[in-house]
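Structural features, examined
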Amino acid sequence: MATKTKSSAQRDTPKWEMVIDLDRCTGCQACVIACQAENNIPINEESAFHEHRAIQWIRIERYWEGEFPDVKARFLPLLCQQCDNAPCEPVCPVYATYHNEEGLNVQVYNRCVGTRYCGNNCPYHARLFNYWEPVWPEDLRNQLNPDVTVRTRGVMEKCTFCIQRIRRATRGGEAVEDGALQPACVQSCPTSALVFGNANDPDAKVTRLKNDERHFRVMEHLGTDPSVTYLKQVDVDG
Amino acid sequence: MNSRVVKIAIPVVGASVLLVVAFVGWFVISAWWSNPPPVLGFGEGPEQPIAFPHTVHVSDAGLDCQFCHRTVSTDEAATIPAVAQCLFCHGFDKIDGRLSTSETAQEELAKLIADLGEPQQPINWNRVYRLPDHVQFVHAPHIQQGISCSTCHGEIGEMQVVKQVRNLKMRDCVDCHRDNGAPTDCSTCHY
């Protein structure tokens, strides 16, 4: 390689995608906690859950399948699907949310005026509104991530695929080794159910897995074209 | 009331009101487009707990910026050197030795030592350059692309007190990014 850095125009633009293997997910919530810590998400009080105003960029949806005692628990980690045809984007009156060339659905917090149209238009309920000023206990204030903006009351927020980590890894135009760049949820998953990578790289693990025969995408019939693919063995016995 | 006094007073008052409005307008507009004009103490650098002169250290002692601002070419923040690094030259024994000659210099250096105390305390320097929290600025790519410190910070080596010389608002950043083929995607700077 002659030069180490390339100008942004010369860079091969990545397309960030995620694959979640539901056959590996145990519903342990490690991803939820990791995300909370990485992205300066305030601590949700119990009442916030009752009011459906808790902020979780990734959450575990739990389903019961069958009748007791032949019951099975199913888990589905749900985060912003970074849809390529995102319903949230065209409804923003101030262009605070848009699609960038890396396939990310970006939320510009300082541009947001808090109309909540985007959240209402999201079929995954992946967008969350700051109904309150975020507060942390005094001894947790110093653990805030300096690479992530603390969102104030009145703005929308959502999963960013840990864009701060993407920026750090790709700065200066260096190519990222497959698997070296992981969002907090992927990094913390004990069963490696979550896989993240550049889907424009034909050899990437994420590209291979998203074409696995078990693949499906949540609410694909809506035409949202999500960037998150789920894997699940269809259980013939029920 | 005496009508002649009123006749004179009205234009005088009118003119002074106009003057004040014009001054405030000029101030606001120039502060908006660039930096506040250097009147009434605006545009000056903040006073520092120790009058640290870049002139002496950069122009006279010939130190490289990166000797003190160590992580500027590798990281987000340039960082301000720890006190231990000042003591590398201004050691306790050297305080009235070869380094410091003038009386003010002695006074400031005495503060440096006194501030330390036991256990060693960092110095509470006042920020000069400060972007809002919703902007993620990174020094490293700029330095790696060969942009010199003076492009954004001016001739620091000639400043007795560091002050902000370039406004570095969003338009300023994006204009340069456009001219240099650097990314202008919102999520380059806001996330």
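Since this is a predicted model, take the numbers as computed values, not measurements. (Residues numbered from 1 in each chain as written. Chains lettered and ligands numbered in written order. Predicted model: local features only at pLDDT ≥ 70, side-chain atom pairs only at ≥ 80, totals over all residues. Heavy atoms only, no water.)

Overview of the nonpolar core
Spelled out, the test is: Here, nonpolar core refers to any group of buried Ala, Val, Leu, Ile, Met, Phe, Trp, Tyr and Cys residues whose side-chain atoms link them within 4.5 Å. When a residue's accessible area, from a 1.4 Å probe over protein chains only, is under 20% of the maximum for its type it is buried; when over 50% it is exposed; and in between it is partly exposed. Residue contacts follow a heavy-atom distance rule, with two residues in contact if any of their heavy atoms lie within 4.5 Å.
Ranked by size, the top nonpolar core spans 51 residues in total, and within it A:Met18, A:Leu79, A:Phe161, A:Leu194 and A:Tyr230 carry the most contacts. Not counting chain neighbours up to four residues away, the residues in contact with A:Leu194 comprise A:Met18, A:Val19, A:Ile20, A:Ile58, A:Cys185, A:Val186 and A:Cys189.

Section: the confidence of the model for chain B
To keep it simple, the criterion reads: Residue-level confidence of the predictor, termed pLDDT, takes values from 0 up to 100.
Summary statistics for chain B give a mean pLDDT of 84 and a share of 88% for residues scoring 70 or more. Confidence estimates for the predicted assembly give a pTM of 0.88 and an ipTM of 0.83.

Comments concerning unusual backbone geometry
For clarity, the threshold we go by: To qualify as a helix, a DSSP run of H or I must reach at least 4 residues; to qualify as a strand, a run of E must reach at least 2; elements of each kind are numbered from the N terminus.
Along the chain, A:Phe68 connects to A:Pro69 via a cis peptide bond; the corresponding omega equals 5 degrees. With respect to the secondary-structure elements, A:Pro69 resides in the loop between β2 (58–65) and β3 (72–79). One non-glycine residue with positive phi stands out, namely A:Arg116, at about 70 degrees. At B:Leu168, a residue that is not glycine, the phi angle is positive and equals roughly 50 degrees. When you line up the elements, B:Leu168 lands in the loop between α7 (149–153) and α8 (170–179).

Points about the interface of chain B and chain A
Put simply, the rule is: Accessible area, probed at 1.4 Å, shrinks when two parts are joined; the buried area is that loss added up over both. Think of a salt bridge as a Lys or Arg side-chain nitrogen and an Asp or Glu carboxyl oxygen that are within 4 Å of each other. Any pair of nitrogen or oxygen atoms within 3.5 Å is treated as a polar contact; in protein, a donor-acceptor pairing is required on top of that, and neighbouring residues in sequence qualify only through side-chain atoms on both sides.
Counting from both sides, the interface comprises 17 residues of chain B and, opposite them, 18 residues of chain A. Buried area between chain B and chain A, both sides added, is near 1,400 Å², and the carbon and sulfur share of it is 50%. By the criterion of area lost to chain A, the three top residues of chain B are B:Glu76, B:Ser187 and B:Tyr191, representing 38% of everything that side buries. Counting across the interface, chain B meets chain A through 3 salt bridges. Applying the counting rule to chain B against chain A returns 13 residue pairs in polar contact (both at pLDDT 80 or more). Residue contributions to the side of chain B that touches chain A peak at 3 residues, all from helix α9 (residues 186–189) of chain B.

Observations concerning the pattern of salt bridges
Residues and elements named next belong to chain A. One pass over the full model with this rule turns up 20 salt bridges over all chains. Put simply, Glu157 and Arg151 hold a salt bridge, and the shortest N to O gap is 2.8 Å. In this structure Glu157 comes out as buried when scored by relative accessible area, which is 0%. The class of Arg151 is buried, set by a relative accessible area of 2%. Between Arg217 and Glu220 there is a salt bridge whose closest N-O contact spans 2.8 Å. Residue Glu220 is classed as partly exposed on the basis of its relative accessible area of 39%. Several salt bridges share partner residues, and in doing so they unite Asp21, Asp23, Arg24, Asp212, Arg214 and Lys232 into one network.

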